[in-house]
Amino acid sequence: MPAQRVVAANRLRFLTEEQPDPSTVRPPILASWQRSHDMRVAADRIEMQFETDPQLDTRLSRSARPILRNLSEQLHGQSVSVILTDQTGLVLSRLTGDGELERHLDRVMLAPGFSYAERFVGTNGIGTALEVGGPTHVFGHEHYAENLEELACAGVPIHHPVTGRLVGAVDLTCWRKDAGSLLLTLAETTADQIRQALLADSSASQMELFKEYLRTCSRRSGIVFAMNHDVVMLNDHARATLPAADQSMLLAQATEEMDRLRRATTIRVELPSGVAARMHSRPVGRADEPAGLVAHVELESSVSHRDRAKDPPAWVPLPGVVGAGPRWLHACEAVERAFRSGEWLVVEGEPGVGKVAVLRAVQLRRQPVGRFEVVDARDAASDEGWLTSVRRTLLGLAQSVVITHVDSLPAPLLRGLSSALQEARPGRTDPLWVAVTLGAGHDSDTLEELLWQFPSSVELPPLRLHLEDLPTLVRSFLSRVGQAGQLTCSPEAIRLLMRMSWPGNVEQLHGMLREVVKHRRTGEVRPEDLPPEVHTVSRRVLSPIEALERDAIVRCLADADGNKVRAARELGMSRATIYRKIHDYGIVPPTSSGAVSH
C-alpha cells in the first residue's frame, strides 16, 4: 500500500478512536493529531471566522516583504505559495504563482485575515510549526482536516533576533504531488533572511527610541524612562528615588499603555509605597506602530519613600462582592482607590463581569449613607429626553453617579453627555463622583472627547480569567436563589462548570443556577442537573437546529451512562456519525465506573 494510503488509513483509525500504527505515522504528526482531537477541531471541514479588522501591516510584514517578493519572483510559474503569519498563526500575506492553487487556498481559507493555528484547523505546516517551535513539514493525509489532504506545506517559526520572542512563521505550500525534499530547506533559508531583516529594522527603531530618551532627559530633571517590548531605560533619578516595587508598577502600567498609545497622554498611578504619581507618556516613531514610548513621572507627594511604612495595610474585600482571585482583587482594589481619591473612573469589561456590582459595593463601604444613582445609556435609544434626565441627575442629590454602556451612544449624544459632565462640576456645591462603564473592545476614537474627563480606567477580568473563584460564586448564588444551606453543588458538577468559557461571565452563571433550582431545590446539584451546553466545549456558536441535535445527543448519552453505541442506536445514528457529532459539538460524554463508553 503506498505510503499516503497507509497514513490515510491510520488517520481514519485515529478519528474513530481506534489505535493507529505508530510505526507508519511520524511521531510529531501523531502528537499533533492528539492535540487537535483534544481541542475538538473538526476533521471533515474547515471552520473559522475572518479576523475583523486584522493588523496585516506589521513590523514583521514590512521587514519580510522584499524577501518574500523576491522569493515569489524566483518561483514564478510554479505551484508554490509563499505565506507569512504572525505568532498566532494569523495569515499576514500570501504570494502564489499558480491560479489553480490560489483558488484552492481561498476555498480552504488559507488567506490573509484567517488563522491557521492548530486550534482552528488541526495539524498543518503553520500551526504545528508554531506549536512545536521548530521547522515542520506536513504532507497530504498527515493534515488533520481532510480538506487539506491535496496539499503539502513546510513551515518555520520566526524568532526575533534580539529578544528571541516568537513573532511569526513563514510557510511554503504546494500541491502534494509536487512536493520535494527541498521545500523545508527553502522555508528555513527564507526564515533566516527575515530574521536578518528584523535585526536591521530593530537596530534602527531602538536607536530612534534611545535618541528621544536622551532628548527627554536633557529637558526634564525628574523621573524619566523609555521602553519598548525589548528594551527598558531608566535615568539615575528614577533608580535613586523609586523603590523596586514602584519601578515595576510604573513599567507594568506603561506596558499596558504602550500597545494602544497613539498620542501623548497622562494617567495617575497609585504606587505600592502609597505615593501617587502622574505618568506623562508619548509614543516614539510611527503613529500606527510606534518604536516605543518615553515617559516622565511626577510624584504627587513630597514625603520621601524612605519615610513611609514598607508594608501598606492589607486590602479588605468589598462587601457583598464574591471573589478572592488575584486578578479580581487587584481590579476591585483599583476601583476603590479611584473612589477614595475622588477621581472620575472608567470601568471596562465584558458583559456580565459585575461592573455595577463592584461600583455599588465600593460606594456602600466608603459612603454608606450616600445616594447612588445608575443611569443606563441604552435607554437613550427609546427616550428622547434621556440627556435632559442625565443633566438633572448630575446636578441633583446623588453623591455617586454611574452611567452604564456609554459605548452604545451615538456621536451626537456622546458630545452632549460630555458637555453635561463638564457643566456638572462647577454646578454643584458638594463633591460628585462619576463612573462610566464600557464593554471590552470599544472604539476609543469615538469616545475620546468623553474619556478625557476620566483620568483612569480599570478593567474587570472575565470569569474565565479568575475561574478559581467559581466554586465560591456557585455557593453564594445557590444560597441566594435556593433555600440557604439546603442545596450544594457536587465536585463533578463544579468540574464541568470549570471547563466552560463563560462568554456571559458571572451573570451567565447566575442565570444558569436560577434555572437549575427550578427542578433541583434541595440536596446536591449533579452533572445531570446542569443544562446540555455545560456538557460541551464547542468553540463555535451553534445554529438552533445544531443546538437541538446537541441537546438530544447529550440526553441520550446521559440515559445510556456514556455508552456511545447505545446512544447512537436510540438516536438512529451510525457509530461513525455519533463519534463525528460528539467531536463537532465538543460533547463531554458522562462516564461511569461500571459502564463501557464505546
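That block above? That's the structure.
Each value, and the rule that gives it
Residues numbered from 1 in each chain as written. Predicted model: local features only at pLDDT ≥ 70, side-chain atom pairs only at ≥ 80, totals over all residues. Heavy atoms only, no water. Helix = DSSP H or I, 4+ residues; strand = E, 2+ residues; numbered from the N terminus. Contact = heavy atoms within 4.5 Å. Areas by Shrake-Rupley, 256 points an atom, 1.4 Å probe, with all protein chains shown as cover. Lys, Arg positive; Asp, Glu negative; His and termini not counted. Charge placed at Lys NZ, Arg CZ, Asp CG, Glu CD. Expected span 1.5 Å × (residues − 1). Buried < 20%, exposed > 50% of the residue type's maximum accessible area, 1.4 Å probe, protein only. Arc of directions from axis to C-beta. Polar contact = N/O pair within 3.5 Å; in protein donor to acceptor, adjacent residues only side chain to side chain. Phe/Tyr/Trp six-rings, centres within 6.5 Å; stacked < 30°, edge-to-face > 60°. Salt bridge = Lys/Arg side-chain N within 4 Å of Asp/Glu carboxyl O. Pairing = 2+ DSSP bridges. Axes fitted to C-alpha atoms, helices over the stretch in contact; angles between N-to-C directions. Left-handed = near helix turned anticlockwise from the far one by under 90°. Nonpolar A, V, L, I, M, F, W, Y, C, P; charged D, E, K, R; others polar.

As a further point, take the overall build of the protein. The number of helices and strands found in the protein is 20 helices and 17 strands. Taking the principal axes of the C-alpha coordinates as reference, the protein spans close to 90 × 70 × 50 Å. Across the protein, the fraction of contacts at a sequence separation of at least 24, relative to all contacts at a separation of at least 6, is 65%. Accessible area for the protein stands at about 29100 Å²; split by element, carbon and sulfur atoms hold 52% of it. Across the protein, the 68 positively charged side chains and the 75 negatively charged ones have centroids separated by 3 Å.

To continue, consider helix α9 (residues 244-258). Compared with an ideal rise of 1.5 Å per residue, which puts 15 residues at 21 Å, α9 spans 21 Å between its outermost C-alpha atoms and is within 8% of the ideal. The complete set of buried residues in α9 reads D246, Q247, L250, L251, A254, E257 and M258. Each buried residue of α9 sits inside an arc of 130° when the element is viewed along its axis, so together they form one side. Residues of α9 that are exposed and angled more than 90 degrees away from the buried face: A244 and E256.

It is worth spelling out the side chain of H466 at this point. With respect to the secondary-structure elements, H466 resides in the loop between β15 (456-459) and α15 (470-481). Only 2.8 Å separates the side chain of H466 from the side chain of D469, close enough to count as a polar contact. Here H466 is in contact with W328 and P461, once residues within four sequence places are set aside.

The next subject is the packing of aromatic side chains. Applying the stated criterion across every chain, the model contains 4 aromatic pairs. Measuring from ring centre to ring centre gives 5.7 Å for W344 and F454, while their planes differ by 45°; the resulting arrangement is tilted. Linking W344 in the loop between α10 (326-341) and β11 (345-348) with F454 in the loop between α14 (448-451) and β15, this pair joins segments that are 110 residues apart in sequence. Side by side, W344 and F454 carry an identical accessibility label, which is buried.

Bringing the pattern of salt bridges into the picture now. Scanning the model with the defined rule gives 28 salt bridges in all. When the shortest N-O distance is used, the salt bridge between D57 and R65 registers 3.4 Å. Judged by its relative accessible area of 31%, D57 falls in the partly exposed class. The class of R65 is partly exposed, set by a relative accessible area of 36%. Ionic pairing is found between R526 and E492, a salt bridge with its closest N-O pair at 3.2 Å. With R526 in the loop between β17 (523-525) and α18 (544-559) and E492 in helix α16 (residues 491-499), this pair connects stretches of sequence that are 34 residues apart.

Pairing in this open sheet of 5 strands is parallel, and the strands run β12-β13-β14-β11-β15 from one edge to the other. Because the sheet does not close on itself, it has two edges, and the strands there are β12 (372-376) and β15. Taken pair by pair, the neighbouring strands of this sheet meet at an average axis angle of 20°, ignoring direction. Strand contacts of α10: β11, β13 (400-404), β14 (433-438) and β15, with the helix running at about 155° to β15, the strand carrying the most contacts. Where helix α12 (residues 386-394) meets the sheet, it contacts β12, β13 and β14, and its direction lies at approximately 165° from that of β12.

Let's shift gears to the packing of α15 against α16. Two numbers describe how α15 lies on α16: the axes approach to 10 Å, and their chain directions differ by 115°. α16 is crossed by α15, and the crossing has right-handed handedness. Note on element contacts: α16 touches α15 through I494, L497 and M498, opposite L470, P471 and V474. Each residue belonging to the contact of α15 with α16 can be placed in one class, and the counts come to 6 nonpolar, no polar and no charged.

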